[in-house]
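Next come the chains, spelled out residue by residue.
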Amino acid sequence: MSYVIYRMTCILAQYQSILLPAGILISLALCFMGYKYLNAWVAAFAFMAGLGGGYLVSSQMIYGSAYAPVLIGMLLGVILMLLTFLVFNAGVFCLTATMVGTVIYILPLMDRVRGIYLPGELGAQMVAAFPAVIALLLGVGAGVASLKSTRTVIILSTGITGAYRAVSFLISLFGAQVDIHTRFVWLFVVVLLAALGVVVQFFTTKK
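Residues numbered from 1 in each chain as written. Predicted model: local features only at pLDDT ≥ 70, side-chain atom pairs only at ≥ 80, totals over all residues. Heavy atoms only, no water.

Peer 1: Lay out the packing of helix 8 (residues 150–174) against helix 9 (residues 183–204) with the relevant residues and their values.
Peer 2: Running from N to C, helix 8 and helix 9 point in directions that differ by 140°, and their axes come no closer than 8 Å. You can see that helix 8 and helix 9 cross each other, and the crossing is right-handed. Looking at the contact of helix 8 with helix 9 residue by residue, the classes come out as 16 nonpolar, four polar and one charged. (Axes fitted to C-alpha atoms, helices over the stretch in contact; angles between N-to-C directions. Helix = DSSP H or I, 4+ residues; strand = E, 2+ residues; numbered from the N terminus. Left-handed = near helix turned anticlockwise from the far one by under 90°. Nonpolar A, V, L, I, M, F, W, Y, C, P; charged D, E, K, R; others polar.)

Encoded structure:
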């Protein structure tokens, strides 16, 4: 598994001059058109989840072929994508839960949670698991909420997630420094972009 992750990291590093601008554009599209093209986002999420999962699992079972794991991943991605058209609510739930959970997990606020001290080895393991548990619970909660109030929750989650990822990719693209002095500036940019994306989505989509 470590070798697969290493290879994927090398590939991402090799093509980052292409992937980072593409990531910015996709993130902005998500921020401003998340609900309008919800079907496309759900399908794309299902395909990427199947592609990544299929590749990671099959690469541990198939040796001597560089293309077989990719083909298996693509096949699984297509299958999951087609399933989302049959069970659309499941796709909406998974997309929302993943977006919200991921953003919560990588928030700077989680650094404070990781800094909590509990005595003993068990305490240290519990603290290490806290961010993942919090992200999981909030992600699942958002996923459930998206089934009850799809438009509102999707607009909010895509607006915030898209803004956060766009700024993150922008920072990586230009190699900008993020420290205690600039963190709040970038956070302000994220909040401003997210608010703009949410407003645009509410005014350009129907209830």
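Peer 1: Pulling in residues and values, what's your account of helix 9?
Peer 2: Taking 1.5 Å of rise per residue, the 22 residues of helix 9 would be expected to cover 32 Å, and the 31 Å separating its terminal C-alpha atoms lies within 8% of that figure. Considered for burial, the residues of helix 9 that qualify are Val 190, Leu 193, Ala 194, Gly 197, Val 198 and Gln 201. The buried residues of helix 9 occupy one face: seen down the axis, they fall within an arc of 135°. Set apart from the buried face of helix 9 by more than 90 degrees, the exposed residues are Phe 184, Val 185, Phe 188, Leu 192 and Phe 203. Those residues of helix 9 hidden inside the fold are in contact with helix 2 (16–33) and helix 8. (Expected span 1.5 Å × (residues − 1). Buried < 20%, exposed > 50% of the residue type's maximum accessible area, 1.4 Å probe, protein only. Arc of directions from axis to C-beta. Contact = heavy atoms within 4.5 Å.)

Peer 1: How would you summarise helix 7 (residues 120–148) if you had to cite specific residues and measurements?
Peer 2: Helix length check: helix 7, at 29 residues, gives a terminal C-alpha distance of 42 Å against a target of 42 Å (1.5 Å per residue), a fit within 8%. All of the buried residues along helix 7 are Gly 123, Val 127, Pro 131, Ala 135, Gly 139, Ala 142, Gly 143 and Ser 146. Those residues of helix 7 that are buried are in contact with helix 5 (88–106), helix 6 (109–114) and helix 8.

Any functional reading would require information beyond the geometric quantities listed.
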